[in-house]
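Examination of the molecular architecture
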Amino acid sequence: MDLINNLSLGFGVAFTAQNLIYAFVGCLLGTLIGVLPGIGPVATIAMLLPATYALPPVAALIMLAGIYYGAQYGGSTTAILVNLPGESSSVVTVIDGYQMARKGRAGPALAAAGLGSFFAGCVGTLILAAFAAPLTEVAFKFGPAEYFSLMILGLIGAVVLASGSLLKAIAMIVLGLLLGLVGTDVNSGVARFSFDIPELTDGIGFIVIAMGVFGYGEIIQNLSIKEEHREVFTGKVTHLYPSAEDFKRMVPAVLRGTTIGSLLGILPGGGALLAAFAAYTIEKKTKLKPGEVPFGQGNIRGVAAPESANNAGSQTSFIPLLTLGIPPNAVMALMVGAMTIHNIQPGPQVMTSNPELFWGLIASMWIGNLMLIILNLPMIGLWIKLLTVPYRWLFPAIVLFCAIGVYSTNNNTFDIWMVAIFGVIGYLFIKLGAEPAPLLLGFILGPMMEENLRRALLLSRGDWSVFVTRPLSAGLLAAAALLLVIVLMPAIKNKREEAFVED
Amino acid sequence: MKIKSQKDFFSGLMFSAVGAAFALGATTYTVGNGARMGPGYFPLMLGILLAILGAIVMFKALVVETDGGDKIGKFAWKPLFFVIASNVLFGILLGGLPSLKIPAMGLIAAIYGLTVVASLAGERFSLKEVLILATILSIGSYLAFIVLLKLQFPVWPTFITG
């Protein structure tokens, strides 16, 4: 069995004392920052990235995976306890999770989120391991035309799932693509849009954009909201473990959530958000058992299902990244950036050239999930304490971590001036109701898209029809067009708007 | 003509302006043709696309009714200014500004500077509290980033360490 061989290779790599410690530290730090209100996983990962610079690549990736899961789990914790979704995919968790917390059942809600996520993570890891190898085979058949079309599909997928205006989301992607082109053009050596600033010839750092837009932009926005609007449930987390009754209800919800999440996560465009929404909708449609609390008033299924769905989804969203090298969402885009810093170019070649890294990473994802359970459930009290720290002490610390993180990327104060500019831009985006996640995705994909477009057209001698005459490429483009048509259909369009307004 | 959605109108304006600027900038590089793309080709294409998208967003903002005009609302100038200023101050204190002959003061001074200025963005400000916070952050950052992670930072002012 290939799968078992591969996984045992992976676990062999991941189960060294050193790597376990990195996974542990990553989870701990990720949760620590992720639990802070108003800090989503993107900002968390960007902020903690410098902590991995000094490590060897395998250890760094393992720690990053830990940070990623920690950040996600931290986000759910804030969603349940503070009524603040740290990221879009925990938006639905807020609905029932917060109601449970208000009724003094924050403990079971947090446990349901944690246990559900862990189960979903295990399944997701298995799927990832099983699908990675055959998909990599497919990836080797991809030429530049296919890659270009795949990126179009991914970007369209990302906007379809973004909340708010479709048109604005597409515009944000294009803006991101353009920002990604700043710097030296690899083919001609011309420094584009660099205004003769030497630092800009290397391009704008993705950390600068992530921190400025996601970190500073959101801090400024949070500060403009008066403090008393926040209500934190802290003293009421008494017993953590769900009752037998809770378990009976949770289990089918977790199973359903995991299935939906695993399927939707593979879709380019970041299925985690869609998965959480879909899982919640399905739970809402199933009949209430006698004596069960209605949805929207603190039903445990309303926490367990979306949380397992989004975790399964975020797990399987590693598939397009690891096999094709295409990030399906903003968080994965950040992971690409992180990998390139460690000199790993994500894509099909990683699996063959660096099998211990590839399978080690997959194994460490599972370990990351396990760490979360054994680390976070007992330590939940500590995280809750963190939430009682007044925001006026927290935000200077967050600003500081952002600044230190930005500086340490290149040890250059130029990045600090850039992050200031992007902080202002990020706040402007929030005020204008333009979602920044597609921008980051476009930013990472910009140079890749240009390169593949160039190569495809060079091979076809400038004939654009190459994108539709090659069957794989045509199929991908058709899928993208279909996605667009579906969301633009009036019936679906209204539903989509409803779904995003509901929160 | 009345603006029916302020947010959309101004985001459309922003997209169009930025798109046009990129497109215009791209024409200063070799554009080339499809088979042999110059460095200007892709940005020119995207810039035009962005400008068009922006125009559509603006047009829709003028035509489609929204509830209450979709106002942008007041800008939070105070947090905006102090958060950004604290960040800039951090950079100046940490690395200095050779062009203005400002020496590098190092990480610890930069942390104090950042914490004090950033705290001004909040609703309440008490210097004593802020100084305690800055001290905690300094010690914590020193241990975490310098001792543990061994990141390369100038920690103390250059005129002390030389």
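Residues numbered from 1 in each chain as written. Chains lettered and ligands numbered in written order. Predicted model: local features only at pLDDT ≥ 70, side-chain atom pairs only at ≥ 80, totals over all residues.

We now examine the overall build of chain A. Along its length, chain A carries 23 helices and two strands. Each principal axis of the C-alpha distribution contributes one length, and for chain A these read about 70 × 55 × 50 Å. By residue count, 61% of the 503 residues in chain A fall in the buried class. For chain A, long-range pairs separated by at least 24 residues make up 80% of all intrachain contacts whose partners lie at least 6 apart in sequence. (Helix = DSSP H or I, 4+ residues; strand = E, 2+ residues; numbered from the N terminus. Buried ≥ 20, exposed ≤ 12 C-beta atoms within 10 Å, placed from the backbone. Contact = placed C-beta atoms within 7 Å.)

Per the secondary structure count, chain B includes six helices and zero strands. Starting at the N terminus, the α and β elements of chain B follow one another as α-α-α-α-α-α. Taken over C-alpha atoms, the radius of gyration comes to 24 Å for chain B, far larger than the 15 Å a tight globule of 162 residues would show. In terms of overall dimensions, chain B has a C-alpha envelope of 60 × 50 × 30 Å along the principal axes. Per-residue burial for chain B yields a buried fraction of 40% across its 162 residues. Nonlocal contacts in chain B, meaning residues at least 24 apart in sequence, comprise 66% of its contacts between residues at least 6 apart. (Rg over C-alpha atoms; globule rule 2.2 N^0.38 Å.)

All names here are of chain A. Residue placement: L115 occurs in helix α6 (residues 106-140). Using a count of 21 C-beta atoms within 10 Å as the deciding quantity, one classes L115 as buried. Separated by 45 residues in sequence, L115 and V160 have C-alpha atoms that sit 30 Å apart.

Now for helix α5 (residues 127-148) of chain B. Compared with an ideal rise of 1.5 Å per residue, which puts 22 residues at 32 Å, α5 of chain B spans 30 Å between its outermost C-alpha atoms and is within 8% of the ideal. Of all the bends found along α5 of chain B, the most pronounced is centred on Y142 of chain B and spans about 25°. Where α5 of chain B is concerned, the buried positions are V130, L133, A134, L137, S141 and F145 of chain B. Buried residues along α5 of chain B sit in contact with α18 (391-410) of chain A together with α4 (106-119) of chain B. Where α5 of chain B ends, the next residue or the one after it, K150 of chain B, has phi of about 55°, a positive value. (Expected span 1.5 Å × (residues − 1). Bend = angle between axes of the 7 residues up to and from the residue.)

Residue placement: L223 of chain A occurs in helix α9 (residues 206-223). Looking at L223 of chain A, the number of C-beta atoms within 10 Å reads 23, which means it is buried. For the pair L223 of chain A and S465 of chain A, spaced 242 residues apart in the sequence, the C-alpha separation amounts to 51 Å. Ignoring sequence-local partners within four residues, the contact set of L223 of chain A consists of F395 of chain A together with A76, P79, A121 and G122 of chain B.

If you look at the biggest cluster of nonpolar residues, it comprises 224 residues, and the most contacted ones within it are A46, A210, M211 and L334 of chain A. When residues in this core are grouped by element, the largest group, 17 residues, is from helix α4 (residues 57-82) of chain A. Residues lining this core come from more than one domain, with at least three contributed by each of domain 1 (6-70) and domain 2 (77-161) of chain B. (Core = buried A, V, L, I, M, F, W, Y, C linked by C-beta atoms within 7 Å. Domains from an automatic or database assignment.)

Let's shift gears to the interface of chain A and chain B. If you look at the interface, chain A gives 55 residues, while chain B gives 56 residues. Secondary structure elements with two or more residues in the side of chain A that touches chain B: α8 (166-181), α9, α18, α19 (414-431) and α20 (437-459) of chain A. With 11 residues, α18 of chain A is the single largest residue contributor to the side of chain A that touches chain B. By residue class, the composition of the side of chain A that touches chain B is 38 nonpolar, eight polar and nine charged. (Nonpolar A, V, L, I, M, F, W, Y, C, P; charged D, E, K, R; others polar.)

Further remarks concern the domain arrangement of chain B. Partitioning chain B into structural domains gives domain 1 (6-70) and domain 2 (77-161). Computed from C-alpha atoms alone, the centre-to-centre distance between domain 1 of chain B and domain 2 of chain B is 39 Å.

What follows concerns unusual backbone geometry. Residues and elements named next belong to chain A. Its identity as a non-glycine residue notwithstanding, D196 has a phi of 60°, on the positive side. Relative to the helices and strands, D196 is located in the loop between β2 (191-192) and α9. Overall, the presence of 7 C-beta atoms within 10 Å leaves D196 in the exposed class. Phi is positive for R461, close to 55°, though the residue is something other than glycine.

Looking now at helix α17 (residues 380-388) of chain A. Working note: α-helix, 3.6 residues per turn, so residues spaced by three or four point in the same direction. Residue and element names in this part refer to chain A. The complete set of buried residues in α17 reads I380, W383 and I384. Angular distribution of buried residues about the axis of α17 spans 100°; they occupy a single face of the element. Along α17, the residues that are exposed and aim more than 90 degrees away from the buried face are G381, L382, K385 and T388. On its buried face, α17 is in contact with α2 (17-34), α4, α6 and α16 (355-376). (Arc of directions from axis to C-beta.)

Summary statistics for chain B give a mean pLDDT of 85 and a share of 96% for residues scoring 70 or more. For this predicted complex, the interface confidence reaches an ipTM of 0.91, while the overall pTM sits at 0.82. (pLDDT = per-residue confidence, 0-100.)

On to the packing of α4 of chain B against α5 of chain B. Residues and elements named next belong to chain B. The contact between α4 and α5 brings their axes to 9 Å, and the two run at 140°. Taken together, the axis directions place α4 and α5 in an arrangement best described as oblique. Crossing of α4 against α5: the hand is right-handed. Contacts between α4 and α5 involve L107, I108, I111, Y112, T115, V116 and S119 from the former and V130, L133, A134, L137, S138 and S141 from the latter. Looking at the contact of α4 with α5 residue by residue, the class counts come to nine nonpolar, four polar and no charged. (Axes fitted to C-alpha atoms, helices over the stretch in contact; angles between N-to-C directions. Parallel < 35°, antiparallel > 145°, perpendicular 65-115°, else oblique. Left-handed = near helix turned anticlockwise from the far one by under 90°.)

Our focus in this paragraph is the packing of α6 of chain A against helix α10 (residues 244-266) of chain A. Residues and elements named next belong to chain A. Between α6 and α10, the least distance of the axes is 9 Å, while the angle of their chain directions is 40°. The orientation of α6 relative to α10 falls into the category oblique. Both α6 and α10 take part in a crossing whose hand is right-handed. Residues P108, A112, G116, F119, A120, V123, G124 and I127 of α6 form the contact with α10, whose own contacting residues are D246, M250, V254, G257, T258, G261 and S262. Considered class by class, the residues forming the contact of α6 with α10 number eight nonpolar, six polar and one charged.

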